[in-house]
Amino acid sequence: METKLPAVEPLLMTATINVGDTPYVKINNSEERLLEYLCALISWIDLTPINTIIFCENSQTDYDFDKIQQFAKDEGKILEVLVFDGNREAQRYGKGYGEGKIIKYALQGSSHLNDNINFYKITGRLFIPEFCQIQQQYAQFSNVFKIHQSAAKKKVFESSISLYKETFKSYLFSLKTRGFKAPHNPNVYVNAAFFKSNVAFFKKNLLDSYKRVNDKVGYYLEHAYYDDLIGKNFTAMDTKYDIIGRSGSRGHVFAGDYSDEIKKIAKTFIKGR
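What you see is a predicted model; the values in this text were computed from it and never measured.

How each quantity is defined
- Residues numbered from 1 in each chain as written.
- Predicted model: local features only at pLDDT ≥ 70, side-chain atom pairs only at ≥ 80, totals over all residues.
- Heavy atoms only, no water.
- Helix = DSSP H or I, 4+ residues; strand = E, 2+ residues; numbered from the N terminus.
- Buried < 20%, exposed > 50% of the residue type's maximum accessible area, 1.4 Å probe, protein only.
- Contact = heavy atoms within 4.5 Å.
- Areas by Shrake-Rupley, 256 points an atom, 1.4 Å probe, with all protein chains shown as cover.
- Pairing = 2+ DSSP bridges.
- Core = buried A, V, L, I, M, F, W, Y, C linked by side-chain atoms within 4.5 Å.
- Right-handed = clockwise from strand over helix to strand, strands pointing away.
- Phe/Tyr/Trp six-rings, centres within 6.5 Å; stacked < 30°, edge-to-face > 60°.
- Lys NZ or Arg CZ within 6 Å of the ring centre and 35° of its normal.

Participant: Describe in detail the overall build of the protein, supporting the description with residues and values.
Facilitator: When you go through the protein residue by residue, the secondary structure sums to 9 helices and 9 strands. Taking all 273 residues of the protein together, the buried fraction comes to 52%. A separation of at least 24 residues holds for 80% of the contacts in the protein among residues at least 6 apart in sequence. Accessible surface, the protein as shown: approximately 13800 Å² in total, 49% of it carbon and sulfur.

Participant: Explain the pairing of strand β8 (residues 194-198) to me, and be specific about the residues and the numbers.
Facilitator: Counting buried residues in β8 gives 5 out of 5 residues, a clear majority hidden from the surface. Residues Phe194, Lys196 and Asn198 line one face of β8 and the alternating positions Phe195 and Ser197 line the opposite face, and both faces are buried. Looking at chain direction, strand β4 (residues 118-123) and β8 are connected through 5 bridges and run antiparallel. Within β8, the position partnered with Tyr120 by the bridge is Lys196.

Participant: Outline the environment of Phe254, supporting the account with residue identities and numerical values.
Facilitator: Residue position: Phe254 is located in the loop between β9 (235-236) and α9 (260-268). With 128 residues separating them along the chain, Phe254 and Leu126 place their C-alpha atoms 9.3 Å apart.

Participant: Please set out the side chain of Asn58 residue by residue, giving values where relevant.
Facilitator: Considering the arrangement of structural elements, one finds Asn58 in the loop between β2 (52-57) and α2 (66-74). For Asn58, a relative accessible area of 0% puts it in the buried group. Not counting residues up to four positions away in its chain, the partners in contact with Asn58 are Ala15, Thr16, Phe84, Asp85, Gly86, Asn87, Gly98 and Ile102.

Participant: Give a detailed account of the nonpolar core, specifying residues and quantitative values.
Facilitator: Generally speaking, a soluble globular protein has its nonpolar side chains buried in company with each other. One finds Met13, Leu38, Trp44, Ile53, Ile68, Ile128 and Phe194 to be the most contacted residues of the largest nonpolar core, which totals 43 residues. Residue assignment for this core shows that the elements contributing at least two residues are β1 (11-15), α1 (30-47), β2, α2, β4, α5 (131-137) and α9. A per-element tally of this core places α1 first, with 10 residues. Apart from the residues within four sequence positions on either side, Ile53 is in contact with Leu11, Met13, Leu41, Trp44, Ile45, Ile78, Leu79 and Glu80.

Participant: Go over the pairing of β1 with me, naming the residues and quoting the values.
Facilitator: Along any regular strand the residues' side chains alternate between the sheet's two faces. Of all 5 residues in β1, 5 are buried, a share of seventy percent or more. On β1, burial covers both faces: Leu11, Met13 and Ala15 on one face and Leu12 and Thr14 on the other are all buried. One ladder, built from 5 bridges, connects β1 with β2; its direction is parallel. Bridging from a neighbouring strand, Leu11 pairs with Ile53 of β2. On the question of chirality, the crossover connecting β1 to the parallel β2 by way of α1 is right-handed. With 4 bridges joining them, β1 and β4 adopt parallel strand pairing. Residue pairing across strands places Leu11 opposite Tyr120, the latter belonging to β4.

Participant: Could you give me a rundown of unusual backbone geometry, with the residues and numbers involved?
Facilitator: You will see that Tyr24, though not glycine, has its phi angle at about 60°, which is positive. Structurally, the position occupied by Tyr24 is in the loop between β1 and α1. Residue Tyr24 is classed as partly exposed on the basis of its relative accessible area of 49%. You will see that Gln60, though not glycine, has its phi angle at about 55°, which is positive. Secondary-structure assignment places Gln60 in the loop between β2 and α2. Residue classification places Gln60 among the partly exposed residues on the basis of a relative accessible area of 46%.

Participant: Pulling in residues and values, what's your account of the packing of aromatic side chains?
Facilitator: This model, assessed by the stated rule, comprises 20 aromatic pairs. Each ring, one from Tyr138 and one from Phe141, has its centre 6.3 Å from the other, and the planes form 65°; the classification is edge-to-face. Using a relative accessible area of 4% as the deciding quantity, one classes Tyr138 as buried. Between the aromatic rings of Phe194 and Tyr241, the centroid separation amounts to 5.3 Å while the plane-to-plane angle is 75°, which identifies the pairing as edge-to-face. Of this pair, Phe194 sits in strand β8 while Tyr241 sits in the loop between β9 and α9, placing them 47 residues apart in sequence. Tyr241 matches Phe194 in its accessibility class, with the two residues each being buried. Its end group placed over the ring of Tyr220, Lys95 keeps NZ or CZ at 5.9 Å from the ring centre.

Quick look at the structure:
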């Protein structure tokens, strides 16, 4: 009897094409960002077995996604595009706030993400070449998150915790009203760029974590997710993988950039815009 392989989970890609005045964002040119989102979409569509992609954009872009959706359809894939106006708070609290709000919007608005579904999430301008191996390795698990801990920075954290508390005083009241948990260890966090989760699990435990994010005081989405996952039933991702694309906050290329061929295809979807 032939063994039936498990279905490949849908992929949720988060996007902000027009970042506006969002702080600590190095890649802020909307045309550059659009090109990189298209490169990522082409890669996920063409180089992985994913059948359904949900691309959720929160700056109310006027870009017409018809061509890239047709590209997906021609490859036998579904590309659902959700666009809304949801980046205003991110310009005050930081990109992680906007990221979390995108995920919430997608989980509540997508026709492909009901509570019984497990999904992968990726920050939209990035691609994981080892995705197929990761998907197979964790096919039997519903909630998979990579935890990072920097032991090298532990002493720095311990010696500066008093000053760290003082830094928070001017913000503490407003943060507490948003459910902020302080002080936290900034060197222990969850990878918020790439993870796997069950929709119902995420809604119960992480849906509103983003509301506590404040980049200006060093409390990022990664910290909020870590705080809210402690004590919950999830699997720690220990698989090493490369990332293709650039960091939006720092501007550097991770393990590699998109190929000239993929960039060339992506540019055809922008031409004549």
